[in-house]
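The lines below spell out each chain.
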Amino acid sequence: NPNDAIYPTPVIGMLGLMQDFRKACNQYFKQAGNRVFLLGKIEKSLGGSEYLKQIHQMISGDIAKVDLAEEKKVQDCVVSLIENSYIRSAHDLSDGGLAVALAECCFGPKSSFGFQGSFELAQESMISYFGESGANVIVSLDADREADFIQTANSYKLEYHYLGEVTESESFVIND
């Protein structure tokens, strides 16, 4: 309907050049036993979220504030992690929040995995699981790369939180 308002939809188009296509990193988990971390601050917001829209049929609330300096640090760190082959996958935390992004990581084009996680919640559970924010990336990595991941995150002065492990079975469990 041309008389209805549209959602504010900023769009940014980008094009980049990869020096080595073999280092391309997608969002999908690669191997059972890989450790999964959240890179960036853990506070989220339900304002303007898919959770409010889908579950409560509400489009309301203030969206999470964008911190461009923090976003740049997170993206620079992820690029460094990829360049050094420290991580196996990386996925932003956008539509749907943490629980949805973790589930999306499980279903790759060639294989499916599960996730077993146990972690402290920074906020009420619905906000922690389904709240949205920028400057967050879920990464998976081989256990022997954990020290490299932590050292890199620390060098960028970024928070990181251990979430759990990739599992062979297609079960999906967060905090029991």
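Below is a summary of the structure that appears in this document. Each residue is numbered by its place in its chain's sequence as written, counting from 1. With the structure being a predicted model, the display of local features is reserved for residues of pLDDT at least 70 and the display and counting of side-chain atom pairs for 80 or more, all residues being used for whole-chain, interface and lining totals. Note: side-chain values were computed over all heavy atoms of the structure, leaving out hydrogens and water.

## Comments concerning the overall build of the chain
For step 1, the next point in the chain: Helices and strands together make up the secondary structure of the chain, namely five helices and six strands.
For step 2, the next point in the chain: Helix and strand assignments come from DSSP, with helices taken as H or I runs of at least 4 residues and strands as E runs of at least 2, each series counted from the N terminus. Beginning at the N terminus, the succession of helices and strands in the chain can be written as β-α-α-β-α-β-α-β-α-β-β.
For step 3, the next point in the chain: By the compact-globule yardstick of 16 Å for 176 residues, the chain fits well, its C-alpha radius of gyration being 17 Å.
For step 4, the next point in the chain: In terms of overall dimensions, the chain has C-alpha extents of about 55 × 40 × 35 Å along its principal axes.
For step 5, the next point in the chain: Looking at the chain residue by residue over its 176 residues, the buried ones come to 37%.
For step 6, the next point in the chain: The convention is simple: Lys and Arg are positive, Asp and Glu are negative, and His and the chain ends are not counted. Lysine's charge is taken at NZ, arginine's at CZ, aspartate's at CG and glutamate's at CD. Taking the average location of the 14 positive side-chain charges in the chain and that of its 25 negative ones, the two points are 8 Å from each other. Here the radius of gyration uses the C-alpha set of atoms, whereas the globule reference equals 2.2 Å times the residue count to the power 0.38. Only protein chains enter the area calculation, which uses a 1.4 Å probe; residues under 20% of their type maximum are buried, those over 50% are exposed, and those in between are partly exposed.

## What to know about the sheet that holds strand S3 (residues 114-117)
For step 1, the next point in the chain: Pairing is mixed across the open sheet formed by six strands, whose spatial order is S2-S4-S1-S5-S3-S6. Two strands bound the open sheet, and with one partner strand each, they are strand S2 (89-92) and strand S6 (172-174). Each neighbouring strand pair of the sheet contributes to a mean axis angle of 25 degrees, computed without reference to strand direction.
For step 2, the next point in the chain: As defined by bridge partners, S3 adjoins S6 across three bridges and the pair is classed as parallel. Paired with Gln-116 across the two strands is Val-173, which belongs to S6.
For step 3, the next point in the chain: The contact rule is simple, with two residues in contact once any of their heavy atoms fall within 4.5 Å. What counts as an axis is a line fitted to C-alpha atoms, over the stretch in contact for a helix, and the angles between N-to-C directions run from 0 to 180 degrees. Its contacts with the sheet put helix H3 (residues 97-106) on strand S1 (35-39), S2, S3, strand S4 (137-141), strand S5 (160-167) and S6, and the angle it makes with S6 is roughly 150 degrees.
For step 4, the next point in the chain: Strand contacts of helix H5 (residues 146-155): S1, S4 and S5, with the helix running at about 5 degrees to S1, the strand carrying the most contacts. In short, DSSP must find at least two bridges between two strands for them to pair.

## Quick notes on the pairing of S3
For step 1, the next point in the chain: In this structure, S3 lies alongside S5, joined through four bridges in antiparallel fashion. Opposite Gln-116, over in S5, you have Glu-165 as the bridge partner.

## Overview of the environment of Gly-164
For step 1, the next point in the chain: Residue position: Gly-164 is located in strand S5.
For step 2, the next point in the chain: Of the residues examined, Gly-164 reaches a relative accessible area of 3% and is grouped as buried.
For step 3, the next point in the chain: Along the backbone, Gly-164 and Asn-175 are 11 residues apart, and their C-alpha atoms lie at a distance of 9.7 Å.

## A short note on the layout of surface pockets
For step 1, the next point in the chain: Put simply, the largest pocket is a space of about 1300 Å³.
For step 2, the next point in the chain: Secondary-structure elements contributing two or more residues to the lining of the largest pocket are helix H1 (50-56), helix H2 (68-83) and S2.
For step 3, the next point in the chain: For the lining of the largest pocket, the element with the highest residue contribution is H2, accounting for four residues.
For step 4, the next point in the chain: Residue classes in the lining of the largest pocket are distributed as 17 nonpolar, 12 polar and seven charged. With a 1 Å grid laid over protein atoms only, a set of points is called a cavity when a 1.4 Å probe fits there but cannot get out and a pocket when it is open yet has protein on both sides within 12 Å along at least five of seven lines; lining residues have an atom within 4 Å of a point. Grid points are joined across faces, edges and corners, and a volume is the space filled by probe spheres set on the points. Under the scheme applied here, ten amino acids are nonpolar (Ala, Val, Leu, Ile, Met, Phe, Trp, Tyr, Cys and Pro), four are charged (Asp, Glu, Lys and Arg), and all others, including Gly, are polar.

## Notes on the packing of aromatic side chains
For step 1, the next point in the chain: A pair of Phe, Tyr and Trp rings is counted when the ring centres sit within 6.5 Å of each other, with Trp represented by its six-membered ring. The angle between the planes then sorts it: under 30 degrees is stacked, over 60 is edge-to-face, the rest tilted. Enumeration over the complete set of coordinates arrives at seven aromatic pairs.
For step 2, the next point in the chain: Each ring, one from Phe-37 and one from Tyr-160, has its centre 6.4 Å from the other, and the planes form 65 degrees; the classification is edge-to-face. Here Phe-37 is found in strand S1, whereas its partner Tyr-160 is found in strand S5, with 123 residues between them in sequence.
For step 3, the next point in the chain: Plain terms: the ring middles of Phe-115 and Phe-172 are 6.0 Å apart, the flat faces sit at 40 degrees to each other, and that makes the pair tilted. Of this pair, Phe-115 sits in strand S3 while Phe-172 is found in strand S6, placing the two residues 57 residues apart along the sequence.
For step 4, the next point in the chain: Look at Phe-115 and you get buried, because its relative accessible area is 0%.

## Observations concerning the state of the cysteines
For step 1, the next point in the chain: Defined by distance alone, a disulfide is two cysteine sulfur atoms within 2.5 Å. The final tally for this structure, using the stated rule, is zero disulfides.
For step 2, the next point in the chain: Cys-105 carries a free sulfur, and the closest cysteine sulfur to it, the one in Cys-106, is 6.9 Å from it.
For step 3, the next point in the chain: Residue classification places Cys-105 among the buried residues on the basis of a relative accessible area of 1%.
For step 4, the next point in the chain: Assessed through its relative accessible area of 2%, Cys-106 is described here as buried.

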